[in-house]
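Structural description and commentary
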Amino acid sequence: MCGIVGYIGEQQAYPILIKGLHRLEYRGYDSAGVSMINADGVLSVYKSKGKVSALEASVADKDISGTIGIAHTRWATHGEPNAINAHPHFSQSKNLSLVHNGIIENYKSLRIELEKNGMTFCSETDTEVLVQLVEYTQQQHGCDLYRATQLALKSVVGAYAIAILDKRNPDQLICARKGSPLIIGVGTNNGAGKGEFFLGSDATPIIEYTNKVIYLQDEEIAIMNRNGDLKITNLSNVKQTPQVHTLQMNLDELEKGGYAHFMLKEIYEQPNALRICTKGRLNIVDKDVLLSGIIDHKEKFVKARRIIICACGTSWHSALIGKYFIEEAAQIPVEVEYASEFRYRNPVIFPDDVVIAVSQSGETADTLAAIQLAKDKGAFLYGICNVIGSSIPRATDSGTYLHVGPEIGVASTKAFTGQVITLFMLGLAIAKEKKTLSEDMFHMLVDELQKIPDKMQWTLDHNKGIDNFAQMFTYARNFIYLGRGYNYPVALEGALKLKEISYIHAEGYPAAEMKHGPIALIDEEMPVVVIAPKRGMYDKIVSNIQEIKSRKGKIISVVTEGDTIVKGMSDYCFEIPDTRDCYVPLLAILPLQLLSYYVAIAKGRNVDQPRNLAKSVTVE
Ligand code: G6P
């Protein structure tokens, strides 16, 4: 949710920190701050409410000479978004400054205890409790900061990724994590007694400088030294051996590449992203599917009594499409669960269940907790994630990466279609092992699936007028999205996209259910988006459209190229190429993404950073 950047080395820290904050701004953007130990040895903390640009403006006349620093962009949990509650936070003596991602659940009792012992607080945050606790522990034990941090963190309940500066030791940067991600970048300058380290809550602020990274593990604490030394231990001071990974991400993927927004770029990237996602997995010549994550564990899937998919938000919608397909193709019952509900129930999980986590970030706190619960109950865990090396892939027994590239826009687009096509490949791979499809049907489904990226390109090329059309709907206060079968989850996802970035209320509904409630809302001001492809329950959906028309609702439809019946009944129509019923979601969602984008633009919204939302929800 929030973003952390850190640097220690020979370069000036400030430009690295600010650039990193800009790259991380998609994670949280209600306030930002930076702390450095400057050339004169002063530990400075500069913070401001609002975007990173506001911070930059407020720092213009300040000393920013330091070569060590930490910075933070915040998504408020405890305490309203203002400069006081923004990070970094000072300790009472102002010797320490600290940034934090996560939530300290026992912060109230810790604060009461610290106040009893004479510590005073400036903010309402749980983070300030952490820095005061570290300082108090150091005073009580007379130990160094590293040891004090280890001891302090032992009494903390909750999730954290932290970085700490100590003005008495400008050659060391300390960080630790539990439940919130933290990545150390090993600089190319390291060697011959010189060191350079970068720190990030994800790889985006680091990749510009180095592709050598270490993923800090839960309950690990690290000390990075200016001379190039790096020590990592757990909280009990047992030395850990860090594994250095090489990141494949490239810088272009983090830039807008000529598009006005990341969301628009990511919408248009989808055909190619899905080509990469299916590369080496869909074999065009043999008409086969090769998912190593399944091949290595095929017995688990063949014998699975049931599959449970846990996810949140957009990932939950793709999971629902996955359910329909896996049940149809592989004949295994599939349950789709909101991770946040699942984790707090006492769900029945059998040892021969397969539990799949679907998550773009691989860090969503509820999804992570849900699979940990399933693991404790003996299920086999499979992850479908985009961010390589994130927590969910590391916690699962097997899995498949999406490989659609970094998704920066808060509203998920290419990760959604990447998840859906991955679930299709997974369903086909299981069906192959279980022999639940005829050979002809299997080959035909593989063949059609590999044509989808080209059909997506066609869809994007043929729906260019959406920007003008979207202007007409800025007046709307509500939208209804309707779909049946495979397109019901598309209706949910289309409605979510509109809500997220335009702040117009929108509801997705199974088209036939409309009669049981939403039809009461329909009048001449209500836009109704209907996904009505030629296949599937076409006639039924035509009847549903009649019901809306006769109540004067405005129809926006997604139809198969060449359709005349629904087109004739619609006020506006998006065309998609013909495909198998099950694969329609991969095409139908594209105009709906564009519709929400252009309505939001027409309403003057910040589509990449919609209010109150965060890209990666690492708190409950
Ligand atoms: C947040 C994001 C959504 C995303 C959801 C689940 O709400 O804004 O775009 O769908 O989290 O995230 P995940 O990373 O687990 O897919």
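Use the structure listed above.
Residue numbers run consecutively from 1 along every chain, following the written order of its sequence. The predicted nature of this model means local features are confined to residues of pLDDT at least 70 and side-chain atom pairs, given and counted, to a pLDDT of 80 or more, with totals for whole chains, interfaces and linings taken over all residues. Processing note: side-chain calculations cover all non-hydrogen atoms of the structure and skip hydrogens and water entirely.

1. Quick word on the site of the ligand
Residues in contact with the ligand amount to 13 residues; listed here are only the nearest, Ser315, Ser359, Gln360, Ser361 and Thr364. Thr314 is positioned such that a nitrogen or oxygen atom in its backbone is 3.0 Å from an oxygen atom of the ligand. When residues of the shell around the ligand are assigned to their parent elements, the largest contribution, three residues, is made by helix H9 (residues 313-330). Note that Gly is not counted as nonpolar here; it falls among the polar residues with everything else outside the nonpolar set of Ala, Val, Leu, Ile, Met, Phe, Trp, Tyr, Cys and Pro and the charged set of Asp, Glu, Lys and Arg. Tallied by class, residues from the shell around the ligand come to four nonpolar, eight polar and one charged. Proximity is defined per residue: if any heavy atom of the residue lies within 4 Å of a molecule or strand, that residue is considered near it. Under the rule applied, a polar contact is a pair of N or O atoms within 3.5 Å (in protein, one hydrogen donor and one hydrogen acceptor; residues adjacent in sequence only if both atoms are side-chain atoms). Numbering of helices and strands runs from the N terminus; a helix is a DSSP stretch of H or I covering at least four residues, while a strand is a stretch of E covering at least two.

2. Brief notes about the nonpolar core
Note on terminology: a nonpolar core comprises buried Ala, Val, Leu, Ile, Met, Phe, Trp, Tyr and Cys residues joined through side-chain atoms within 4.5 Å. Each residue is placed in one exposure class: buried if its accessible area under a 1.4 Å probe, protein chains only, is under 20% of its type's maximum, exposed if it is over 50%, and partly exposed if it falls in between. In this structure, Leu428, Leu449, Phe479 and Tyr481 are the most contacted members of the largest nonpolar core, which totals 93 residues. Whether two residues touch is decided by their heavy atoms; if any such pair falls within 4.5 Å, the residues are in contact. The residues touching Tyr481, leaving out its near neighbours within four places in the chain, are Ala491, Gly494, Ala495, Leu498, Ala506, Glu507, Gly508, Tyr509, Val529, Leu592 and Leu595.

3. Re the side chain of Gln419
Relative to the helices and strands, Gln419 resides in helix H13 (residues 414-434). A residue is classified by how much of its surface remains accessible, and Gln419, at 0% relative accessible area, is buried. Here Ser315 takes part through its side chain, which lies 2.9 Å from a polar atom of the side chain of Gln419. Setting aside chain neighbours within four positions, we find Gln419 in contact with Thr314, Ser315, Ser318, Val358, Ser359, Gln360 and Leu402.

4. Observations regarding the packing of helix H1 (residues 13-24) against helix H2 (residues 52-59)
Between the N-to-C directions of two axes lies an angle of 0 to 180 degrees, each axis being a line fitted to C-alpha atoms and, for a helix, fitted only over the stretch in contact. Here H1 crosses H2 at 155 degrees, and the two axes come no closer than 9 Å. For the element pair H1 / H2, the angle class is roughly antiparallel. Residues Tyr14, Ile18, Leu21 and His22 of H1 pack against Val52, Ser53, Leu55, Glu56 and Val59 of H2. For the contact of H1 with H2, the per-class residue count stands at six nonpolar, two polar and one charged. Throughout, the term roughly parallel applies to angles under 35 degrees, roughly antiparallel to angles over 145, roughly perpendicular to angles from 65 to 115, and oblique to all others.

5. A look at unusual backbone geometry
That bond from His87 to Pro88 is cis: its omega, 0 degrees, falls within 30 degrees of zero. Summarising the element assignment, Pro88 is placed in the loop between strand E4 (68-74) and strand E5 (89-90). If you check the backbone angles, Asn237 has positive phi at about 70 degrees while not being a glycine. Secondary-structure assignment places Asn237 in the loop between strand E13 (230-234) and strand E14 (245-246). The partly exposed category is assigned to Asn237, whose relative accessible area is 39%. With phi around 65 degrees, Tyr503 is a residue other than glycine that occupies positive phi space. Residue position: Tyr503 is located in the loop between helix H16 (488-502) and strand E23 (505-510).

6. With respect to the sheet that holds strand E26 (residues 572-576)
Whether two strands pair comes down to DSSP finding at least two bridges between them. Strand order in this open sheet of five strands is E23-E22-E24-E25-E26, and the pairing throughout is parallel. A single partner strand is all that each edge strand has here, and the edge strands are E23 and E26. The average angle at which neighbouring strand axes cross in this sheet is 15 degrees, direction not considered. Here H16 sits on the sheet in contact with strand E22 (478-483), E23 and strand E24 (527-532), set at roughly 180 degrees to E23. Helix-sheet contacts for helix H19 (residues 584-602) involve E22, E24, strand E25 (554-560) and E26, and the interaxial angle to E26 is about 140 degrees.

7. A short note on helix H6 (residues 262-278)
Expected span, for any helix, means 1.5 Å times one less than how many residues it has. Helix length check: H6 (17 residues) gives 23 Å between terminal C-alpha atoms against 24 Å at 1.5 Å per residue, within 8%. Roughly 55 degrees is the biggest bend found in H6, and it falls at Gln270, with proline Pro271 one to four residues downstream. Of all 17 residues in H6, 12 are buried; the element is thus mostly enclosed. The elements touched by buried residues of H6 are strand E15 (282-283), H13, helix H14 (439-461), H16 and H19. A positive phi of about 75 degrees marks Gly280, the residue just after H6. The seven residues ending at a residue and the seven starting there each receive a fitted axis; the angle between those axes is the bend at that residue.

8. Some remarks on H13
Between its first and last C-alpha, H13 extends 30 Å over 21 residues, near the 30 Å set by a 1.5 Å rise per residue. For H13, the tally of buried residues reaches 18 of 21 residues, placing the bulk of the element in the interior. One or two positions beyond H13, positive phi appears at Lys435, with a value near 55 degrees.

9. Some points on the state of the cysteines
Whenever a pair of cysteine sulfur atoms sits within 2.5 Å, that pair is classed as a disulfide. Taken as a whole and judged by the stated rule, the model has zero disulfides. Of all cysteine sulfurs, the one in Cys310 lies closest to Cys312, which takes part in no disulfide; the gap is 8.8 Å. The partly exposed category is assigned to Cys312, whose relative accessible area is 22%. The thiol of Cys582 is unpaired, and the distance to the nearest cysteine sulfur, on Cys277, comes to 16 Å.

10. Some details on the environment of Ala365
Along the chain, the position of Ala365 falls in helix H11 (residues 365-376). Measuring from C-alpha to C-alpha, the distance between Ala365 and Gly494 comes to 24 Å, with 129 residues separating the pair along the chain.

11. Section: the packing of aromatic side chains
Two aromatic rings, drawn from Phe, Tyr or Trp (for Trp, its six-membered ring), form a pair once their centres lie within 6.5 Å of each other, and the interplanar angle then sorts them: stacked below 30 degrees, edge-to-face above 60, tilted otherwise. All told, the structure shown has 18 aromatic pairs when counted by the stated rule. Considering the side-chain rings of Trp316 and Tyr338, the 4.2 Å spacing of their centres and the 5 degrees angle between planes classify their relative orientation as stacked. Of this pair, Trp316 sits in helix H9 while Tyr338 sits in strand E18 (residues 334-338), and the two are 22 residues apart along the sequence. On the accessibility criterion, Trp316 (11% relative accessible area) is buried. Assessed through its relative accessible area of 40%, Tyr338 is described here as partly exposed.

12. A short note on the environment of Leu586
Among the structural elements, Leu586 can be located in helix H19. Judged by its relative accessible area of 0%, Leu586 falls in the buried class. Separated by 508 residues in sequence, Leu586 and His78 have C-alpha atoms that sit 39 Å apart.

13. What about the pairing of strand E2 (residues 31-37)?
Along any regular strand, the residues point their side chains to alternate faces of the sheet. Within E2, seven of the seven residues are buried, which leaves it mostly tucked inside the rest of the structure. Neither face of E2 is exposed, since Ser31, Gly33, Ser35 and Ile37 on one face and Ala32, Val34 and Met36 on the opposite face are all buried. In terms of strand pairing, E2 meets strand E3 (residues 43-49) through seven bridges, oriented antiparallel. When the bridges of E3 are listed, Ile37 appears paired with Leu43. From the end of E2 to the start of E3, which pair antiparallel, there are five residues, and Gly41 there has a positive phi angle of about 85 degrees. Direction of pairing for E2 relative to E4: antiparallel, over a ladder of six bridges. Across the sheet, the residue bridging to Met36 is Gly69, located in E4.

14. Side note on the sheet that holds E18
Pairing between the strands of a sheet is mediated by backbone hydrogen bonds and can be parallel or antiparallel. Spatially, five strands are ordered E18-E17-E19-E20-E21 in an open sheet, and the strand pairing comes out parallel. Pairing within the sheet leaves two strands with one partner each, and these edge strands are E18 and strand E21 (398-401). Here the strands of the sheet are splayed against their neighbours by 20 degrees on average, with no regard to which way each runs. Together, strand E17 (306-311), strand E19 (353-359), strand E20 (380-385) and E21 form the strand contacts of H13, whose direction differs from that of E20 by roughly 140 degrees.

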